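Results of the structural survey
Here are the chains, one letter per residue:
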Amino acid sequence: MQQTADQQVHNLIRGAGKAKGERGRAKMDIVESKQISEPIKSEAQISHLALDIGGSLIKLVYFSTNSDSSSSSSKDSVAVSSGNEGRPVLEGKLHFAKFETAKINDCIDFIRSKQLRLSGFQKHGAPAGERCTIKATGGGAYKYADLFKEKLGICLDKEDEMDCLVAGSNFLLKAVHTEAFTYMDGQKEFVQIDHDDLYPYMLVNIGSGVSMIKVDGPGKFERVSGTNVGGGTFWGLGRLLTKCKSFDELLELSHRGNNRVIDMLVGDIYGGMDYTKIGLSSTTIASSFGKAISDNKELEDYKPEDISRSLLRMISNNIGQISYLNALRFGLKRIFFAGFFIRGHAYTMDTIAVAVHFWSKGEAKAMFLKHEGFLGALGSFMSYEKHGFLNLKVHQLVQQSPVDASRGGDKIHDPPNGELNENQSIDCSICLS
Amino acid sequence: MASLTEDPVLGINDIKEREEENEKGNTQVVKTEEVGQSERDMASATGSSIHRSGSRPQLDLSKAAIQGNFEERDPTILLPNQSDDLSHLALDIGGSLIKLVYFSRHEDQSIDDKRKKTLKERLGISNGNRRSYPILGGRLHFVKFETNKINECLDFIYSKQLHRGGMDARIWNPDAPTNENAVIKATGGGAYKFADLFKERLGVSLDKEDEMNCLVSGANFLLKAIRHEAFTHMEGHKEFVQIDQNELFPYLLVNIGSGVSMIKVDGDGKFQRISGTNVGGGTYWGLGRLLTKCKSFDELLELSQLGDNRTIDMLVGDIYGGMDYSKIGLSASTIASSFGKAISENKELEDYSPEDISLSLLRMISYNIGQISYLNALRFGLKRIFFGGFFIRGHAYTMDTISFAVQFWSKGDAQAMFLRHEGFLGALGAFMSYEKHGLDDLMVHHLVERFPMGAPYTGGKIHGPPLGDLNEKISWMEKFVRKGTEITAPVPMAPTGTTGLGGFEVPSSKGGTLRSDASALNIGVLHLVPTLEVFPLLADPKTYEPNTIDLSDHGELEYWFTVLSEHLPDLVDKAVASEGGTDDAKRRGDAFARAFSAHLARLMEEPAAYGKLGLANLLELREECLREFQFVDAYRSIKQRENEASLAVLADLLMELDSMTEETRLLTLIEGVLAANIFDWGSRACVDLYHKGTIIEIYRMSRNKMQRPWRVDDFDVFKERMLGSGDKKPRPHKRALLFVDNSGADVILGMLPLARELLRRGTEVVLVANSLPALNDVTAMELPEIVAEAAKHCDILRRAAEAGGLLVDAMVSTLDDSKGHSSSVPLMVVENGCGSPCIDLRQVSSELAAAAKEADLIILEGMGRALHTNFNARFKCDALKLAMVKNQRLAEKLIKGNIYNCVCRYEPLS
């Protein structure tokens, strides 16, 4: 199931490309590796956990050392240059995991079971008895602070959500070669971003709601807009309309749906004809769910697949349109879409891309990020560095072996026993300060 | 007064028409002949006065509010000067709704009697041929159907034979045989989709008009021709906006139908569809139906008013544990994700209340539309966004949400505005696409809006078949007494606080405190009166505001509510008596009282319900309401009695005046006007007085009490203008317009002697009186007879009246006095174009406008015309405002004085 490997991606991944370490002070080796839902054994040397607790999902990023033989995927990782200044250098991987916020106890159990809390997030040299703090962002960092304290004895050190999103996005766009891609007509195409030409760009993070952020540089950004019609709307409305048990199930349904059953198309109004004068083809959606009014059909008479499809198109298209209009305001040509709504879902990306393309008449481009869901968590993780707890040692990005950058991490999950759902892990090294 | 009894204003023909309309539900075919006959009858009921026809009862009511039918009836535009009796139909067939605009025309039967002819010649009015083709007279009716019930629409058209009249060919050639190739203008996608159906069922072809084109021409028409068509709506508060024609363009028009179109409008016929969204009214209704099982859009909308979206929407506070995300300005109550809560709980659809779902959906869609609209307006630097289309439906919450989104995202730079005729832009535009309808030429002052009896109940949304006759109307009123009492009890409206980035706050209170139904707009009947004109002597018509009293001040409204309510029983008595006190008259009187009380209650509840409302409008509303229940002239007998009594003593008074010196006489005349103004049935205080003495007694007593200085006393300045100082004899005024007030002593013992003095001094005098009765105000119809009577006692008046053509009927045959004829300046009578105790000088009769052209003195007399309205009006000539204040509150407010204080305000042209 999870092996929905995307050969396209696979083939596109190239060997090492040179990337300039932007700030020059940190290096990190990154290797993308296929690591799907592999439970990390409890003895794994895990450290540096960061959280992004959103309205629907909790995203985790944590680091595990390569020295731990149990980390099976470490074989692809690259030797890391030695740490400087005599500081300990840990080599390993950044792992990504997610839980439903509603099942936060699974997440807590997971952290506990992996002994993450023991992994020394204390400031170096702090007394052992001192309580742990971990970086966290998202609204839940506030909402669940007490719960973490109570259950794990961990203090959540709150990082600003937008800061984290931007930091995560900047990091990914610079450090990971095959991070950004366009998606049109089912064709995924990775885009090499010239680091000197990265800014400004529009970052659209589609979580439960949607934030639109104009990014002008590292740490330089402004939340310019947003919409309350986001992933939560898709899932929420979808649940009510289809009885699906999970977001992914709902998404899966949409694959098989036909929105024409429910949406009112221009052709439905114009008797099958285009409204050519204003450039609307007969298949343009005139009114999402508009057909649901004119029939004597009830909810039960519609197929969940069709409903899901219609809903997905409505929301994707809307986000694409609002994003474009905001990008236009600031003359931004590139719009990166991220957040858990997308989940590498082809149709979603396609719709968003089409909306941006349509409204901008091809002027603006929608791009997507492979680690779309983890920007905040990654940014939160990066904030350790910011606060001097550690230095990420960023080496030249070297990707030695072809990597299956499958979207397997997006598998439908209702994880039993709190098993984590991982996205791709990133091999890297960190240097504890 | 004979003319009054012949007044065909509310003749039986109206009932016929309504009966016919009532047949629309039937599948029976109404024979074309009958239709034609009936419409001709109806047309003949149109009197000489434009407003006369305007006073006809409107057909805006139906039982459907009771029966749950879906035909909606909206404002009717009355176009009374039409010289044809055929109909005209245009359609806008959208994805959800079919909007119909149809037009019935009336024959112009203006009474061109000798007097009018003479007057017109004198005033230089050619007989209505001022245009190359006539503006159509008649009514525009607005009706809508659900598209999935298109058969109802077809039945409706068929039963009214609208398709037969809807042909250009027949309109301009009524005698032509019924054309088999009838063509109806239609727009919207359905014009394509249902073309065959129309052909098959009705034998008509749909002539497709471009949808955007229609929307834009409809919007341009409304924004130009209808005063205060647009309004803003923030936090439950409506504010009407008059948009300067020169600053109208460019604007963004957002039409929210099933989908949403966003159109940049740069001028007439100049526009571009720049954007749109597929999340529109169809989405709300469609999703809403699936989620709530509601059976209609309106039901769904109504549900939303009881909802609390917090149970379904994920708020910032839900994510942040009740905290704000203050750094980016998101408050805890901001909606982070619409329907976002539906994911995290183990609740199923059945566990959510339909009310909450509806509200959540409504906010999501409204806010989204507002946001996208603003972003598009921004692209083109458009500051004004007009929202129209059937999604809005005057729904307060929808408008608030849209306004909030625009306000929020634009940081106040752009403004969301709404249109009172929001749903009919396309249909109206399709109608406009018929050539030669003349609507293009319409100006703001040609339209008069009236609110028929059903308005307070139905908010302009009336379903089902129209009421047939007066009897049905009365029954309807009786049935709705219970509902009426509900309406009387206003429900407080909680302001919708909305803040936050990326979302908006939930209402500060739960839906229970949101008013139901009351938020809907009331749309009145628009009477199109092509002959109305702006009074040419207004110094600045653009800034002119007739009303001195602003009823948007709730205290004022409350006061007038009380005054009018208290006066109501007396008025009903008078009205019933005027119709002979029969059982029928009593029943009508009761119905009138209920209807008018309902109007008042509705306005108390929502002062902006009827648009921008001044006291003048409120008083006119009462008169219209009376006329609606066929009380043609409630004060008829009283007026007659008082006229007779006053005429009886006029000779003595004139003799007394003639014995005075010029200076004393002028003062006495002004005193007389002020004193006689006490005879006012509109004033409670004065009604009490009447029971205590005879007219002449009261008059003399009143005049003797006229102690100068009056509260406002410019008499000396006026006197100097009239008589000069020392040897300097000023040039007399060329022509004076005397706006008269009440019948009886007021006009006969007050204004007529003053007119006589002016005539004596060589000033032409034009008496300006109401076109239609209002309280005991004298009408232009009554004046010639009064003048004729008075002329029997006075040579000056007689010669002037002759010269003015007033005596053509009454006197010329009996008198042969050619001697004085040439030596006198004329005394004329013109109608002012209205039927209210007040006067809005933006809309006066063409007669008055013509008469004003050579006038250099205006005298406004009485509270209604000089105080309640026009107290602050400025003119392009000398103006004298005379009134006795018969109302303590007004006295305090306006002149810081007391009841029975007098106003003599003279404003010379500087």
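About the cut-offs
Residues numbered from 1 in each chain as written. Chains lettered and ligands numbered in written order. Predicted model: local features only at pLDDT ≥ 70, side-chain atom pairs only at ≥ 80, totals over all residues. Heavy atoms only, no water. Helix = DSSP H or I, 4+ residues; strand = E, 2+ residues; numbered from the N terminus. Contact = heavy atoms within 4.5 Å. Areas by Shrake-Rupley, 256 points an atom, 1.4 Å probe, with all protein chains shown as cover. pLDDT = per-residue confidence, 0-100. Axes fitted to C-alpha atoms, helices over the stretch in contact; angles between N-to-C directions. Parallel < 35°, antiparallel > 145°, perpendicular 65-115°, else oblique. Pairing = 2+ DSSP bridges. Left-handed = near helix turned anticlockwise from the far one by under 90°. Salt bridge = Lys/Arg side-chain N within 4 Å of Asp/Glu carboxyl O. Buried < 20%, exposed > 50% of the residue type's maximum accessible area, 1.4 Å probe, protein only. Buried area = accessible area lost by both parts, 1.4 Å probe. Polar contact = N/O pair within 3.5 Å; in protein donor to acceptor, adjacent residues only side chain to side chain. Expected span 1.5 Å × (residues − 1). Phe/Tyr/Trp six-rings, centres within 6.5 Å; stacked < 30°, edge-to-face > 60°. Lys NZ or Arg CZ within 6 Å of the ring centre and 35° of its normal.

Turning to the overall build of chain A, a few remarks are in order. Secondary structure summary: chain A contains 11 helices and 18 strands in total. If you take every contact in chain A between residues at least 6 apart in sequence, the share linking residues at least 24 apart comes to 74%. For chain A, the exposed area adds up to about 15400 Å²; of that, 48% sits on carbon and sulfur atoms.

Right, let's get into the confidence of the model for chain B. Residue and element names in this part refer to chain B. Averaged over all residues, the pLDDT of chain B is 75; the fraction at 70 or higher stands at 70%. When mean pLDDT is compared element by element in chain B, strand S20 (residues 735–739) scores highest at 97, while helix H5 (residues 64–67) scores lowest at 23. Scored below 50 in pLDDT, residues 166–179 makes 30 contacts in the model with residues more than four places away or belonging to other chains.

Bringing the packing of helix H26 (residues 636–658) of chain B against helix H29 (residues 695–704) of chain B into the picture now. Residues and elements named next belong to chain B. Two elements in contact, H26 and H29, have axes separated by 9 Å at closest approach and are oriented at 50 degrees. In terms of axis orientation, H26 runs oblique to H29. Residues Glu642, Ala645, Ser646, Val649, Leu653 and Glu656 of H26 touch H29, and the partners they reach there are Ile695, Ile696, Tyr699, Arg700 and Arg703.

Residue and element names in this part refer to chain B. Taken in spatial order, the seven strands make up an open sheet running S9-S8-S16-S15-S10-S11-S12, and their pairing is mixed. Edge positions in the sheet fall to strand S9 (237–241) and strand S12 (270–277), since each has one partner strand and no second. With strand direction ignored, the average angle separating the axes of adjacent strands in the sheet is 30 degrees. Inspection of the sheet shows strand S8 (residues 230–234) paired to S9 by five bridges, in the antiparallel sense. From the neighbouring strand, Thr232 faces S9, where its bridge partner is Glu239.

A pair of packed helices can be characterised by two numbers: the angle between their axes and the separation between those axes. Residues and elements named next belong to chain A. Where helix H6 (residues 231–242) contacts helix H9 (residues 304–329), the axes come no closer than 10 Å and their chain directions differ by 160 degrees. One element, H6, and the other, H9, form an angle in the roughly antiparallel class. In this structure, H6 crosses over H9, and the sense of that crossing is right-handed. Between H6 and H9, the contacting residues are Thr233, Phe234, Leu237, Gly238, Leu241 and Thr242 on the first element and Pro304, Ile307, Ser308, Leu311, Leu312 and Ile315 on the second.

All names here are of chain B. Within the open sheet, the seven strands sit side by side as S19-S25-S24-S23-S20-S21-S22. Their pairing is mixed. In this open sheet, the two strands that pair with only one neighbour each are strand S19 (712–713) and strand S22 (827–831). Pairing geometry for strand S24 (residues 878–884) and strand S25 (residues 902–907), over six bridges, is antiparallel. Note that in S25 the partner of Leu882 across the bridge is Cys904.

Residues and elements named next belong to chain A. A full pass over the atoms with the stated rule returns 52 salt bridges over all chains. Here Lys135 and Glu159 are joined by a salt bridge, their closest N and O atoms 3.1 Å apart. Residue Lys135 is found in strand S5 (residues 132–137), and its partner Glu159 is found in the loop between strand S6 (154–158) and helix H5 (161–175); the two are separated by 24 residues along the sequence. What makes Lys135 buried here is its relative accessible area of 1%.

Let's shift gears to the interface of chain A and chain B. Counting residues at the interface gives 68 residues for chain A, matched by 71 residues for chain B. Contact between chain A and chain B buries roughly 5600 Å² in total, counting both sides, with carbon and sulfur atoms accounting for 59%. Summed over the three residues of chain A that lose the most area to chain B, namely A:Asn228, A:Leu240 and A:Ile293, the buried surface amounts to 13% of that side. Between A:Glu298 and B:Lys295 there is a salt bridge, with the nearest N and O atoms lying 3.6 Å from each other. Remark: the boundary between chain A and chain B carries 22 residue pairs in polar contact (both at pLDDT 80 or more). Elements with a minimum of two residues in the side of chain A that touches chain B: helix H3 (140–143), H5, strand S11 (220–227), H6, helix H8 (266–269), strand S13 (285–287) and H9 of chain A. Considering every element that reaches the side of chain A that touches chain B, the biggest residue donor is H9(A), with nine residues.

All names here are of chain B. By the secondary structure assignment, Asn148 is in the loop between strand S5 (138–146) and helix H7 (150–160). Residue classification places Asn148 among the partly exposed positions, given a relative accessible area of 38%. On a C-alpha basis, the gap between Asn148 and Ser96 in space is 7.2 Å, while along the polypeptide they are 52 residues apart.

Let's shift gears to H5(A). Residues and elements named next belong to chain A. An ideal rise of 1.5 Å per residue puts 21 Å on 15 residues; H5 measures up with 21 Å between its terminal C-alpha atoms. In terms of residue burial, H5 counts as a mostly covered element, since 12 of its 15 residues are buried. Taken residue by residue, H5 has Met162, Cys164, Leu165, Val166, Gly168, Ser169, Asn170, Phe171, Leu172, Leu173, Lys174 and Ala175 as its buried positions. One side-chain oxygen of the residue at the start of H5 lies 3.0 Å from the amide nitrogen of Met162, identifying that residue as Asp160.

Another aspect to go through is the packing of aromatic side chains. The full count for this structure, using the stated rule, is 31 aromatic pairs over all chains. With 5.7 Å between their ring centres and 25 degrees between their planes, B:Phe404 and B:Phe408 make a pair best called stacked. You can see B:Phe404 and its partner B:Phe408 sitting in helix H18 (residues 396–410), four residues apart, about one turn around the helix. The exposure class assigned to B:Phe404 is buried, which follows from its relative accessible area of 8%. Both rings, one in B:Phe535 and one in B:Phe739, keep their centres 5.9 Å apart while their planes meet at 80 degrees; by these two values the pair is edge-to-face. Of this pair, B:Phe535 sits in the loop between strand S18 (525–528) and helix H23 (554–578) while B:Phe739 sits in strand S20; the two residues are 204 residues apart in sequence, bridging distant segments of the chain. As far as the burial class goes, B:Phe535 and B:Phe739 line up, both buried. Aromatic rings pair up to connect A:Phe181, A:Phe190, A:Phe337 and A:Phe368 into one cluster. Directly above the aromatic system of B:Phe631 lies the positively charged group of B:Arg588, at a separation of 4.9 Å from the ring centroid. Sitting over the ring of B:Phe871, B:Arg905 keeps its end group 4.0 Å from the ring centre.

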